[in-house]
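For reference, the chains in residue letters:
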Amino acid sequence: MARKTNARNKERRSQRGPGRPKGSTNADPDVNTVEPSRCKRCGSTRRGDYYGKTEQAFQGVQDGLPFTHIVRRRTKCLDCGQARIDRAFENRLGE
Ligand SMILES: [Zn+2]
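Below is a short write-up of the structure. (Residues numbered from 1 in each chain as written. Predicted model: local features only at pLDDT ≥ 70, side-chain atom pairs only at ≥ 80, totals over all residues.)

**What about the overall build of the chain?**
Looking only at helices and strands, the chain has one helix and three strands in total. For the chain, the N- to C-terminal ordering of α and β elements is α-β-β-β. Long-range contacts, defined here as pairs at least 24 residues apart, represent 47% of the contacts in the chain between residues at least 6 apart. (Helix = DSSP H or I, 4+ residues; strand = E, 2+ residues; numbered from the N terminus. Contact = placed C-beta atoms within 7 Å.)

What follows is the structure in structure tokens.
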């Protein structure tokens, strides 16, 4: 079913040419750079892929900023091998 939709979209796109569809809002995004997490033991930013992501809906304030979710991602330092959890306090919609 997704395949049919893709074919249709491709057709529309070729009729229309490149760029966003008529009437869509002008997205001119700012870019925020997010600092990489560090190993507490050796300071390295080299890590394995994230695994075991969990999301906890929980409202609170962290460093003066309100949040709605705590997101935890497991990873492992590629330099010293120490496992760690990268924890993020996110303020957003969603489950
Ligand atoms: Zn390390």
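**Regarding the environment of L78**
Take L78: it is sitting in the loop between β2 (65-76) and β3 (83-90). The residues contacting L78, other than those within four sequence positions of it, are R46, R47 and G48.

**Looking at the pairing of β2**
Consecutive side chains along a regular strand alternate between the two faces of the sheet. Sheet topology note: the strand β1 (residues 51-62)/β2 ladder contains eight bridges and is antiparallel. In the strand pairing of β2, Y51 is matched with R74. Taken together, β1 and the strand that follows it, β2, pair antiparallel across an intervening segment of two residues, in which D63 is found at a positive phi of about 55 degrees. Of the strand pairs in this sheet, β2 and β3 are connected by eight bridges, and their pairing is antiparallel. Of the residues in β3, the one forming a bridge with R72 is R87. Connecting β2 to the next strand, β3, in antiparallel fashion are six residues, including G81 with a positive phi near 85 degrees. (Pairing = 2+ DSSP bridges.)

**With respect to unusual backbone geometry**
Leaving glycine aside, a negative phi is the common case for residues, and trans is the common case for peptide bonds. Positive phi, close to 55 degrees, is recorded for D63, a residue that is not glycine. Tracing the sequence through the fold places D63 in the loop between β1 and β2.

**Section: the sheet that holds β1**
If you walk across this open sheet you meet the three strands as β1-β2-β3, and the pairing is antiparallel. The outermost strands of the open sheet, each flanked by one partner alone, are β1 and β3. Neighbour-to-neighbour, the strand axes of the sheet open up by a mean angle of 20 degrees, direction not taken into account. (Axes fitted to C-alpha atoms, helices over the stretch in contact; angles between N-to-C directions.)

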